[in-house]
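Each chain, written out:
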Amino acid sequence: MGAMRKVILRRDRFVNPFNEPARDLRVFNKPLWLHQRDSLAHFTTEEREAADLSAIPADGVESLVHADNLWFDEGFLAHFMSRARAAGGPCRAAIPADDRAFVQHALPLSDSYCRDGDLYYADLWYFPRGVEPGAPVKPVVIPFEPREIGYYHIPSYMAKEQGDLVFQVPVHSAIAIDHWVHIFIADCVFGLFGRVRRVEDQLVDDALFKLRILWRALYEQKQVLSSSKLVKVGRNCVIDPTAVIHGPTAIGDNCNIGAGVVIQNCEIGSHVNISEGCQLMLSTVGDGCFLPFRAALFMTTLMENTMVAQNTCLQMCVVGRDTFIGAGNTFTDYNLIDVPLRAVVGEKLDEANRPVLGGCVGHNCRLGSGLIIYPARTIESDVVLFASPERRVIDKNVTYEQSDHHKLRAAHLHPRLYPREGEETRKHW
């Protein structure tokens, strides 16, 4: 295989409420730019950046081009590369317009895809002889091949038309990170649920894989879901023997997991401290996070160096880096009256296409104890909130200008690190 060039198309638009471009956000516990680089390391030997396709030199070098806000898993990338190279000409990744996983999970709240007839096109191209101006580009159609998997059952007296809530879980997938909800989809639905589906498929199709898991469980005297075949633990970890960890789960290096902790189908980073009585299910926890005790995460993403204090419950939420969420906070995820959940897109509200959805907290935030946050609400980066008689229930999105720290004499001790796009702030070193 000869040298292939990778060209990254810059998408500098900030993702609300983080005030940061998608490439710098963590998706499935890794910065998006690093995930793209690692996934493409097998194929490419050179890397460049460009503003658009017209800025790429037409010098005949085999090239792979992608937008820097596009997340894809290994299965999607492998399918695209094999079919694109077989086509022998310029190609672009496409998804059928009737693909249930794409239409229900990736398409809402996004403007990164263009539609042509029965196909949606993603920002991923292959040029065998470099960019050829005027040459026709063939679609490489990659269906997500979804399977319906349930995750909630809502009683009929709460939602007569809902019943079982389901995800359309793909076997391979891609999603443009245009909105914070897309991080939830990439981490939970396409990442964790997708990993569970692939393990289940392998158990059905590969008898030897099933026997290896059973043998490992017998050898280690553990339940099948707790065996080292399904629970991957890094180096220098301290795990209390009373902790219950079910796979497929991955735990990084230098982690401490205390007594009575329950972890099911999670992605845990390195240098993470999860203390007594915490419960984590289908969640992604970034490097350096700290859960003191009795915190609960359900289908939630924590980016790096974030702390969630005791008796706090987060469901279907995304929390940015270097953020503190105090004790006893509750992030609700369901409208008690059966009306659609809406999320902010630019300057307007749009339907999130999610019957159940938590909230999103940006980077460098400080949330005091005892707050209740309504579904789909956002708290902008650098915000500080105190529970008070005036504001204990968060029923609207909170901007930096509404942060409580502005009322304090010591406001300068909480610097603004993540200004909005186009704004400037004083650097703090």
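Residues numbered from 1 in each chain as written. Predicted model: local features only at pLDDT ≥ 70, side-chain atom pairs only at ≥ 80, totals over all residues. Heavy atoms only, no water.

> A description of the overall build of the protein should follow, citing residues and the corresponding values.
When you go through the protein residue by residue, the secondary structure sums to five helices and 39 strands. Its C-alpha radius of gyration of 22 Å places the protein within 12% of the 22 Å reference for a compact globule of 429 residues. The dimensions of the protein, computed from C-alpha atoms along their principal axes, are 65 × 60 × 50 Å. Long-range pairs, those at least 24 residues apart, make up 51% of the contacts in the protein between residues at least 6 apart in sequence. Total accessible area computed for the protein in this model is approximately 19300 Å², and 53% of it derives from carbon and sulfur atoms. (Helix = DSSP H or I, 4+ residues; strand = E, 2+ residues; numbered from the N terminus. Rg over C-alpha atoms; globule rule 2.2 N^0.38 Å. Contact = heavy atoms within 4.5 Å. Areas by Shrake-Rupley, 256 points an atom, 1.4 Å probe, with all protein chains shown as cover.)

> So what's going on with the side chain of R26? Residues and values would help.
Tracing the backbone through its elements, the reader meets R26 in the loop between β3 (20-21) and α1 (32-40). In terms of polar contacts, R26 uses its side chain to reach the side chain of N29, at 3.3 Å. At 3.4 Å, the side chain of R26 and the side chain of D287 are in polar contact. (Polar contact = N/O pair within 3.5 Å; in protein donor to acceptor, adjacent residues only side chain to side chain.)

> Give me the packing of aromatic side chains: which residues, what numbers.
Tallied over the entire structure, the rule returns nine aromatic pairs. The interplanar angle of 85° and the centroid separation of 6.2 Å between the aromatic rings of F76 and F144 together place this pair among those described as edge-to-face. Placement of F76 in helix α2 (residues 74-87) and of F144 in the loop between β10 (138-141) and β11 (147-153) is noted, with a sequence separation of 68 residues between them. Of the two residues examined, F76 and F144, each falls in the buried class. Between F102 and Y120, the aromatic rings sit 5.3 Å apart at their centres with planes inclined by 45°, giving tilted as the arrangement. Placement of the pair is F102 in helix α3 (residues 100-106) and Y120 in strand β9 (residues 119-127), with a sequence separation of 18 residues. The pair F102 / Y120 is uniform in exposure class, with both members buried. (Phe/Tyr/Trp six-rings, centres within 6.5 Å; stacked < 30°, edge-to-face > 60°. Buried < 20%, exposed > 50% of the residue type's maximum accessible area, 1.4 Å probe, protein only.)

> Can you break down the pattern of salt bridges residue by residue, with the values?
Under the definition given, this model contains 33 salt bridges. In this structure, the salt-bridge partner of E47 is K6, at a minimum N-O distance of 3.0 Å. Here K6 lies in strand β1 (residues 5-9) and E47 lies in strand β4 (residues 46-50), a separation of 41 residues in the sequence. Classification of E47 as partly exposed rests on a relative accessible area of 35%. Judged by its relative accessible area of 3%, K6 is buried. Between R416 and E423 there is a salt bridge, and its shortest N-O distance comes to 3.1 Å. Taken together, the shared-partner salt bridges connect R10, D12, R23, E49 and D68 into one network. (Salt bridge = Lys/Arg side-chain N within 4 Å of Asp/Glu carboxyl O.)

> Before we move on, could you go through the nonpolar core and cite the residues and values that matter?
One finds F80 and M299 to be the most contacted residues of the largest nonpolar core, which totals 68 residues. The element best represented in this core is helix α4 (residues 180-205), accounting for 11 residues. The contact partners of M299, leaving out residues within four places of it in the chain, are Y151, F167, F184, C188, F193, M281, L282, S283, M316 and C317. If you look at the next biggest cluster of nonpolar residues, it comprises 36 residues, including L280, V285, L297 and L385. (Core = buried A, V, L, I, M, F, W, Y, C linked by side-chain atoms within 4.5 Å.)

> I'd love a proper account of empty space enclosed by the protein, names of residues and values included.
In the structure shown here, the tally under the stated rule is one cavity of 30 Å³ or more. In this model, the largest cavity occupies a volume close to 40 Å³. Along its surface, the largest cavity is lined by Q104, H105, P108, L109, V181, H182, I185, A352 and R354. Elements represented by at least two residues in the lining of the largest cavity include exactly α3 and α4. (1 Å grid on protein atoms, 1.4 Å probe; cavity = no way out; pocket = protein on both sides within 12 Å on 5 of 7 lines; lining within 4 Å. Points joined across faces, edges and corners; volume = space filled by probe spheres on them.)

> Summarise the side chain of H105; cite the residues concerned and give the values.
Looking at the secondary structure, you find H105 in helix α3. Polar contacts involving the side chain of H105 include one to the main-chain amide nitrogen of Q168, which spans 2.9 Å. A polar contact is formed between the side chain of H105 and the side chain of R354, at a distance of 3.3 Å.

> Could you give me a rundown of helix α5 (residues 207-220), with the residues and numbers involved?
Here α5 contains 14 residues, and its C-alpha end-to-end distance of 20 Å stays within 8% of the 20 Å for a straight helix at 1.5 Å per residue. Of the surrounding elements, those touching the buried residues of α5 are α4. Where α5 begins, the side chain of D206 points an oxygen toward the backbone nitrogen of L208, at a separation of 3.1 Å. Just past α5, the residue Q221 takes up positive phi, approximately 55°. (Expected span 1.5 Å × (residues − 1).)

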